Structure formats: C-alpha cells, structure tokens
Amino acid sequence: KASASGLPSAQGQGRSARQLRPPDIPEEYLRFTGRVVEVHADDESAGAAFEELFGRGRFERAFPEVAAQKLPMVLGLDLEWKPDRSRGRRFFEVTEKSPGNPIALLQLACWDSVLLVRTTGCRDMPPWLAEVLEDTSIVKVSAAFDLADKLKLRHTFGWEFDKRVTDPASFMDIAELAKERDVPFGLKKMANELKAPMLKSKEISCSNWATDEDLTLAQKEYAAEDAFFTLLLLGRLFERRAPPENTLAAKAFASCRITRPAMEGSMKPVDNRDFKRSFFELRGVVKDAVASLSLVLGSEGCTELNKLFQVKAVEKVLKTAKRHNCVLNSSFMRQNEDLFMVFVESAGAATKVRPRRLDDEEDAYNDDDEEEWEFVARLCGRLAAYEPLAEKRQSVLNRHTVEVLQVPARAILGANEQARWQACAERHKELVETLSTPSDGMVLKLLRHPHGADAAVHLVRCVSTLQAALQLDAQEAERRLRSDGKFSQFLATLATIERGSAEEVSVERTLRARTRILTDAQRVAERVSVVWEAAREAIEKVKWYRQLLGTFLAEHAQAEEWLIGGSSPASASAPASAAGPPSAE
C-alpha cells in the first residue's frame, strides 16, 4: 500500500511483497507547469502564502460559478518524510511504539498552484495549517490516507486527527474511491488508467526529504505533482462513477468539473520515447555485464558498479543513452530492482551489484534427461568454451596464450547440475579437478578434453624438426624443447583443446615458432661463443625478429614450410612477401 511518502504502510504489506516487475516507464507523461511556492511551516509568511494561493476570494474570482453554487474549495494533500528503515525487514511498519521519522514536507495543491510546506524541526502545528486541516468547508484529497499518516501527524505535531477533525467526510481518499470503481491501485497506476500518465520516480520518493539543504529540482517536481495529480484524479474517478447526490462529495465533484479545464491548462505532455528506448537498451547490456562479472572467479557472486563502465557493450550504449538523459548509476540499478540487488558492505566502500535470484525461479534440470557420460561430456565442453570477460594476455609472438582456467561451477551449471556433479566428480577426476573455496564455492578446472588434441603427435613433429635443423639426437632435441617454458606451457594446454579446432591450429603454430627460435638460438650461440639458452633470451628481445616471425606465421602458409625446413632468406631487409622468415644470424 503506497502511503503518502511513497513507502509501504501497515495495511498493504502483503501487496508490497508481490513479485518484482520491470520499471513502468511511460512513452508520454504529463508534467505540472503551474506555480510552485516553497515555505517553512514556522515562517511568518507561510500563512500569507497559503491565503494568496488558496484563498476563497481568489477561488471565486477564477470560477464565479462556485460562489453561485456555494461549492467547496478542493485541495490535493500529500505528506513526505525521510524514509523509515528497519533492520532485517524490507518494509517499515508505522506503529504507536515505532512511529518512524517525523513528517518533513506537506504539500497542498489547487487547480494551478502547489504550496510546499517544509516542516523539519517543527514540533507544533502552525495555527494556519491546523485551521486548514480542520476546516470542513475545504475538502482535502489524499492518496491512501490511513492510520500511518494519522500516527505521523500526531508524532510530528501532536495533532490528533480523530479529535480535531469534526467531519471526516472533508477528507477524501482516492485510493478508496479507486477500489470502489475497480481502478488499479497506486497513484501512478491510477493516473495511467485514467488517461493522465505521470512520471513518478521511486528513487525520488525514497530520497531524504528531511535534508538541511534545499530540496532538489527533482524533489520539488515530484512533491508538487504528487499533490496536483491526487487532486486531478479525484475528478476523473468521480467521472467513472458519480458520488451520491446532496453530499459533500457531490459538491466536490461539481468543483472538479468547473476547475478541470484550468487544471488541464496547468499540464503539458512530454514525449518520453527516446528515454524509454535508451533505458531498456542500457538495462539489457547491464544485465548481461552484471551476470558475466558476477561469475568471474573471486567475484563472490557480485561486481562493483564502477566495473560496469569497463565493459565495451555498456560503454557503447551509454554514449547514446546519455544524449537522452539516461545514465548508469545507483539510481538506475535500483530502478531495475527486479534484476539487481544493490548494496554497500561498509561506509566508504564501493557500491556493489549482484543479480537478483528470485526464490520461485525453477531449475528445470532433471538427472533422468541424460546419461552420466553425456552430462560429463557436456560439462567438459562448457569448461573448454568458457571465457571470462577479462582480457586474455598475449604471448611474445602476438598470440593469445591459452590458459586452463579455474571456473566457478555456478558460471556454467545450475543448482541441480552442480548437485549431480558433486555426486559423480570422484569418478571423473582425471577429466575435471574439483575444488572448494570460501568465496566461490565449487570451482572446476578442466584437465583433459574428452576429444582433446594429441600432444604426443605435435611433440614428435617438433622434435624431428629441431633434430634435423641442428643435427641433434632425438633425446637432446626433446630435452631442449621441454626446457623451453613457453613451449611446455602451450604443449600442456593441448589436452584441454578440442582436436581439429582453430585453437589447436594456433597452438601448433606457436610450437613451431618456439622450435624455430631454438634453432636460431643455437646458430647465434655458435657464432658468438655463448650457450644457446643465453642466445635464446637475447633474440627474443629483438623486436623486429619477434614481429616479423609472428607476421609470417599468421599471414603466410608458406612460412610454415620455411620454418620446418630451416632455410634462411638472402637478406633480412628484403620485402616480406619475398624474403621468408628472418634468420637470427
């Protein structure tokens, strides 16, 4: 139940616990363009400001018919206070023992003006305000005015509604009227249903209304429109079904009919289509980014808000979204609370975001749907294909270094799949290593792909090439290759790479490149009288050597023939298309 502050009150706890939904952003909405006056309740000018805006004389001069028909002045009424918080509970319940924060702002609206009355630090209700609330000839219209609002009035001002208001009929509640007319509940929903769409931000609703600073423009607009639309919707509800004749409600309806043209003249339509389109486009890429970053090893299932700006897809969409005043910040994330949970672990810490996982999300996986060997093969395939968002590091030959990653099980398996793997992990430990960590829970590491490349075949080929080039025996050629750290690293990854894949081709080229480097290192070592290990370290630091060798391996299939054959070009300065790969000599 949305109370005057926009926060749930005691009566509507059940409805507030409903399933979260995407934000309702209208393609067009109405903006109040009338006069907004801000005063403090204790100011001497406050009463005069009320009389200037809402005095009976001004009302009758603007609408002479109301004087002839002796119709009442009808005002929109709303209250705001600093959001009440309760440890361990999503919603705060206002009670006698726990009244929460005092009222910080009271809004009054007529057909063309709104008075914002700030009440921070005000312990007694000013006489002029008490007179307005107690005057039964002035109809006050509110949205969901209930026990919580009465308790707030008493807690803030010591003003007892039930004792001071002699005719409760002078207070009308559009929430009750909507219920009687089968109109959707909530001010924004009512406005949409009654063809008066409004922009009502939950983030502004829950902002600090008791601030010592000036209210922001967004707060003033929100507060003014809450009161104004409350008044506007009274007439629209009565148009759905008129109140009984010869009642105060009937007279209030007559006043609404007379003032309706003036109220409609105090609003203007705003085209919101570009903002809405940008909002949901940004929402989509942020959802994917949060999901990916929250699965990274060590993430603990969440990510820092600032890291989202480093994701290229988010960065690209933001460039367009900003032109339509759509930005990525904590407010945006909270607007999308159906997707995300936003939190700060300690004062001064970074804002963090985690995907929202609803309790009623169904895990459809069933063990009976596939055999164990099929499940294990699928798991290994997912591990082999897994790529985190982080940039891959590169080798000295400008190639991506293939890394055997530790993967959080939650990144590739649902809850039921994780349970199945735990039950059969021991039987397949030669394929997948299973670890457990405090931050990430179950972590998996692929040890051998079910259809992995044959490392022995690649090793034999490279041994033969090095043996032929340097006239070594097979044992010494293999020893030199295995002593090369980069060669051994790439050779070991073949067990986790699918046979015949593009990754295997890339690793094969790298192995051949390392073989050629060892060949050239031996030749340089013989010319300058150093050990071949020192020569290898030296030539790897020669930039043109690395670049040219890498270019030929990537762009020229013929280069691989030269590499295996060990022949050298006539001149290292010859054009790349004719020279072949360089000789370190």
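## Let's talk about the overall build of the chain
Counting its regular elements, the chain contains 25 helices and 14 strands. By the burial criterion, 47% of the 585 residues in the chain qualify as buried. Summed over its atoms, the accessible surface of the chain is roughly 29600 Å², and 49% of this surface lies on carbon and sulfur atoms.

## Regarding helix α16 (residues 372-385)
Look at α16: 20 Å from first C-alpha to last across 14 residues, which is about the 20 Å you get at 1.5 Å a residue. Among the residues making up α16, those that are buried are Phe 375, Val 376, Leu 379, Cys 380 and Leu 383. The arc that holds the buried residues of α16, viewed along the axis, is 135°, so those residues lie on one side. Exposed residues lying more than 90 degrees from the buried face of α16 are Trp 373 and Ala 385. The elements touched by buried residues of α16 are β12 (406-408), α17 (415-424), β13 (432-437) and β14 (441-446).

## A closer look at the sheet that holds β13
Strands sit in the order β12-β14-β13 across an open sheet of three strands; the sheet is antiparallel. Each end of this open sheet is capped by a strand with a single partner; those strands are β12 and β13. Ignoring which end each strand starts from, the neighbouring axes of this sheet average 30° apart. Both β13 and β14 contribute to a ladder of six bridges, which runs antiparallel. Within β14, the residue paired with Thr 434 across the bridge is Leu 444. Packing of α16 onto the sheet brings it into contact with β12, β13 and β14, and relative to β14 it is tilted by some 85°. Relative to β14, α17 is tilted by about 65°, and along the sheet it contacts β13 and β14.

## As for the environment of Tyr 386
Of note, Tyr 386 is situated in the loop between α16 and β12. On the basis of relative accessibility, which here comes to 16%, the residue Tyr 386 falls in the buried class. A C-alpha to C-alpha distance of 7.9 Å links Tyr 386 and Val 407, two positions 21 residues apart in sequence.

## Focus: the nonpolar core
Ranked by internal contacts, the top residues of the largest apolar core, which has 84 residues, are Phe 54, Leu 115, Trp 159, Ile 174 and Leu 234. It is helix α11 (residues 217-240) that provides the largest number of residues to this core, a total of twelve residues. For Leu 115, the residues in contact, after removing those within four places along its chain, are Val 37, Val 39, Ala 49, Phe 50, Leu 53, Phe 54, Leu 106, Gln 107, Leu 108 and Trp 128.

## Observations concerning the confidence of the model for the chain
Across the chain, the average pLDDT comes to 85, with 86% of residues at 70 or higher. Per-residue pLDDT stays below 50 along residues 391-401; that stretch engages in 28 contacts with residues further than four places along the chain or on separate chains. Segment residues 557-585 is flagged for pLDDT under 50; beyond a separation of four residues in sequence, or across chains, it makes 52 contacts in the model.

## Examining the pattern of salt bridges
Here the idea is simple: oppositely charged side chains can pair when their charged atoms come close. As enumerated under the stated definition, the model contains 38 salt bridges in all. A salt bridge links Glu 221 to Arg 31; the shortest N-O distance between them is 3.6 Å. Within this pair, whereas Glu 221 is found in helix α11, its partner Arg 31 is found in strand β1 (residues 28-32), the two being separated by 190 residues in sequence. Since its relative accessible area comes to 17%, Arg 31 is described here as buried.

The rules we used
Residues numbered from 1 in each chain as written. Predicted model: local features only at pLDDT ≥ 70, side-chain atom pairs only at ≥ 80, totals over all residues. Heavy atoms only, no water. Helix = DSSP H or I, 4+ residues; strand = E, 2+ residues; numbered from the N terminus. Buried < 20%, exposed > 50% of the residue type's maximum accessible area, 1.4 Å probe, protein only. Areas by Shrake-Rupley, 256 points an atom, 1.4 Å probe, with all protein chains shown as cover. Expected span 1.5 Å × (residues − 1). Arc of directions from axis to C-beta. Contact = heavy atoms within 4.5 Å. Pairing = 2+ DSSP bridges. Axes fitted to C-alpha atoms, helices over the stretch in contact; angles between N-to-C directions. Core = buried A, V, L, I, M, F, W, Y, C linked by side-chain atoms within 4.5 Å. pLDDT = per-residue confidence, 0-100. Salt bridge = Lys/Arg side-chain N within 4 Å of Asp/Glu carboxyl O.

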